[in-house]
Amino acid sequence: MTQPIALQRIRRLLVANRGEIAVRIIRAAREMGAQTVLVHSSADRNSLACQMADRTVEIGPPPAAKSYLDIPAILATARNQEVDAVHPGYGFLAENADFARQVEAAGLIFVGPTADTSR
């Protein structure tokens with residue numbers, strides 16, 4: 001079975017979420033043959049998702065506003081880690097039209113609803 005074109009292009013995926021959501025995304029990426037980069041807060045550094053990810057990058061302290069919702073830190077990590085796509089999971093930035101637009105403007109695939117759909 002042939003994968004959709006977008007999935008064929010994803011060699012490295014940034015996961016911008018935590019907990020069970022991140023674990024499920026990492027497992028799916030692994031099944032598709034993609035490497036994963038997980039951004040996480042300092043409180044989550046020993047999480048199962050961090051143990052499973054190919055790479056991890058700590059982007060801030062425990063408050064979500066200072067880590068999981070820090071768009072500049074997430075985009076900087078995406079650039080530095082040379083990812084092809086960003087998966088926000090659900091919650092946090094999943095339906096943030098501005099985030100989706102910024103990911104796409106950076107030349108990356110946003111795995112989720114388009115900015116127009118979210119808006």
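The coordinates are above.
How each quantity is defined
Residues numbered from 1 in each chain as written. Predicted model: local features only at pLDDT ≥ 70, side-chain atom pairs only at ≥ 80, totals over all residues. Heavy atoms only, no water. Core = buried A, V, L, I, M, F, W, Y, C linked by side-chain atoms within 4.5 Å. Buried < 20%, exposed > 50% of the residue type's maximum accessible area, 1.4 Å probe, protein only. Helix = DSSP H or I, 4+ residues; strand = E, 2+ residues; numbered from the N terminus. Pairing = 2+ DSSP bridges. Polar contact = N/O pair within 3.5 Å; in protein donor to acceptor, adjacent residues only side chain to side chain. Contact = heavy atoms within 4.5 Å.

**So, the nonpolar core**
Grouped together as the largest cluster of nonpolar side chains are 21 residues, with contacts concentrated most on Leu14, Ile74, Val86, Phe99 and Val103. When residues of this core are traced back to their parent elements, those giving at least two are strand 2 (35-41), strand 3 (55-60), helix 4 (71-80) and helix 5 (97-105). A per-element tally of this core places helix 4 first, with five residues. Judged by nonpolar contacts, the second largest core, of 17 residues, contains Ile10, Ala22, Val23 and Ala85.

**Quick look at the sheet that holds strand 2**
Strand order in the open sheet made by the five strands is 3-2-1-4-5, with parallel pairing throughout. Strands at the two margins of the open sheet, each flanked by one partner only, are strand 3 and strand 5 (109-110). Where strand 1 (residues 12-15) and strand 4 (residues 85-87) come together, three bridges link them in parallel fashion. Each residue of the ladder has a partner; that of Val15, found in strand 4, is His87.

**What to know about the side chain of Asp84**
Following the sequence through the fold, Asp84 ends up in the loop between helix 4 and strand 4. Classification of Asp84 by relative accessible area gives buried; the value is 15%. Side-chain polar atoms of Asp84 contact the backbone nitrogen of Arg11, separated by 2.7 Å. Sequence-distant contacts of Asp84, that is, excluding residues within four places in its chain, are made with Arg9, Ile10, Arg11, Arg12, Leu108 and Ile109.

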